[in-house]
Amino acid sequence: MRAEPAASPDDDTIIRKTGQDWACFWNSRQLDSISGLYAEDAVYLPQHHGAVHGRDAIRKFLDAPLHHGYTDLKFDITYIKQTGDLAYEVGTYTMKVPRHNGGSKPDQGKYLTVWRKRAGTDWQIVADSWSSDLPAEH
């Protein structure tokens, strides 16, 4: 089995910064900035929900959790691999999620993001999936 190559140093830096921008936009409630990181044909695969297709649908989907007390999002990138104009990023996240009775609790989980390079040095998210490591609440 052949190992996938690591992202080039320049591309690695751009993808890492763009991912950190995503978290900063989330924490500062900048929905348009978040959705602008996705390609028009992107797919978002959240836990406990069907696939969300397209930038506009992703924007609509993210609007609710963005304004319901999910805070302090941080990403920790495990690795980024690149093949041509595609790259994938694997990592973990932490954040605070709202409790039904008020306040918040910590959450942690993992994610996989697929990036596609556009003209120049711009990278956009084409597929994004995440899930919590904590048991689902019923």
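Comments concerning the nonpolar core
Right, on to step 1. Core analysis: the biggest nonpolar cluster contains 28 residues, and W22, W26, I34, Y38, I58, L62 and L73 have the highest contact counts within it.
Right, on to step 2. Contributing elements (two or more residues each) for this core: helix 1 (9-27), helix 2 (31-35), strand 1 (38-45), helix 3 (55-66), strand 3 (71-83), strand 4 (86-98), strand 5 (104-117) and strand 6 (123-132).
Right, on to step 3. Among the elements that line this core, the one with the most residues is helix 1, at five residues.
Right, on to step 4. In this view, L62 contacts W22, W26, L31, I34 and Y44; residues no more than four positions away in its chain are not counted.

A few points about helix 3
Right, on to step 1. With 12 residues, helix 3 should cover 16 Å at 1.5 Å per step; its first-to-last C-alpha distance of 16 Å lies within 8% of that length.
Right, on to step 2. For helix 3, every residue scored as buried is listed here: R55, I58, L62, P65 and L66. Each buried residue of helix 3 sits inside an arc of 90 degrees when the element is viewed along its axis, so together they form one side. For helix 3, the exposed residues set more than 90 degrees away from the buried face come down to D56 and K60.
Right, on to step 3. Of the surrounding elements, those touching the buried residues of helix 3 are helix 1, helix 2, strand 1, strand 2 (52-53) and strand 6.

What about the pairing of strand 3?
Right, on to step 1. The pairing of strand 3 with strand 4 spans 10 bridges and is classified as antiparallel. Bridge pairing in strand 4 links F75 to Y93.

Concerning the pattern of salt bridges
Right, on to step 1. Summed over the entire model, instances satisfying the criterion amount to nine salt bridges.
Right, on to step 2. D12 is the partner of R16 in a salt bridge, and the nearest nitrogen-oxygen pair spans 2.6 Å. Residue R16 and its partner D12 are located together in helix 1, separated by four residues, close to a single helical turn.
Right, on to step 3. Among the residues examined, D12 registers a relative accessible area of 17% and is labelled buried.
Right, on to step 4. K110 is the partner of D133 in a salt bridge, and the nearest nitrogen-oxygen pair spans 2.8 Å.

Digging into the sheet that holds strand 3
Right, on to step 1. Here six strands make up an open sheet; going across it, the order is 2-1-6-5-4-3 and the pairing mixed. Across the chains shown, the open sheet's two edge strands, defined by having one partner strand only, are strand 2 and strand 3.
Right, on to step 2. With four bridges connecting them, strand 1 and strand 6 associate as parallel partners. Its bridge partner lying in strand 6, Y38 is registered against I125.
Right, on to step 3. Against the sheet, helix 1 makes contact with strand 1, strand 3, strand 4, strand 5 and strand 6, and its axis sits at roughly 160 degrees relative to strand 3, the strand it touches most.
Right, on to step 4. Against the sheet, helix 3 contacts strand 1, strand 2 and strand 6, and its axis sits at roughly 50 degrees relative to strand 1.

Observations concerning the packing of aromatic side chains
Right, on to step 1. Summed over the entire model, instances satisfying the criterion amount to seven aromatic pairs.
Right, on to step 2. Judged by centre distance (5.6 Å) and plane angle (10 degrees), the rings of W22 and W26 are stacked. Of the two residues, W22 and W26 both sit in helix 1, four residues apart, roughly one turn of that helix. Accessibility assignment for this pair places W22 and W26 in one class, buried.
Right, on to step 3. Ring geometry for Y79 versus Y88: centroids 6.4 Å apart, planes at 80 degrees, classification edge-to-face.
Right, on to step 4. Looking at Y79, the relative accessible area reads 34%, which means it is partly exposed.

Definitions and limits used
Residues numbered from 1 in each chain as written. Predicted model: local features only at pLDDT ≥ 70, side-chain atom pairs only at ≥ 80, totals over all residues. Heavy atoms only, no water. Core = buried A, V, L, I, M, F, W, Y, C linked by side-chain atoms within 4.5 Å. Buried < 20%, exposed > 50% of the residue type's maximum accessible area, 1.4 Å probe, protein only. Helix = DSSP H or I, 4+ residues; strand = E, 2+ residues; numbered from the N terminus. Contact = heavy atoms within 4.5 Å. Expected span 1.5 Å × (residues − 1). Arc of directions from axis to C-beta. Pairing = 2+ DSSP bridges. Salt bridge = Lys/Arg side-chain N within 4 Å of Asp/Glu carboxyl O. Axes fitted to C-alpha atoms, helices over the stretch in contact; angles between N-to-C directions. Phe/Tyr/Trp six-rings, centres within 6.5 Å; stacked < 30°, edge-to-face > 60°.

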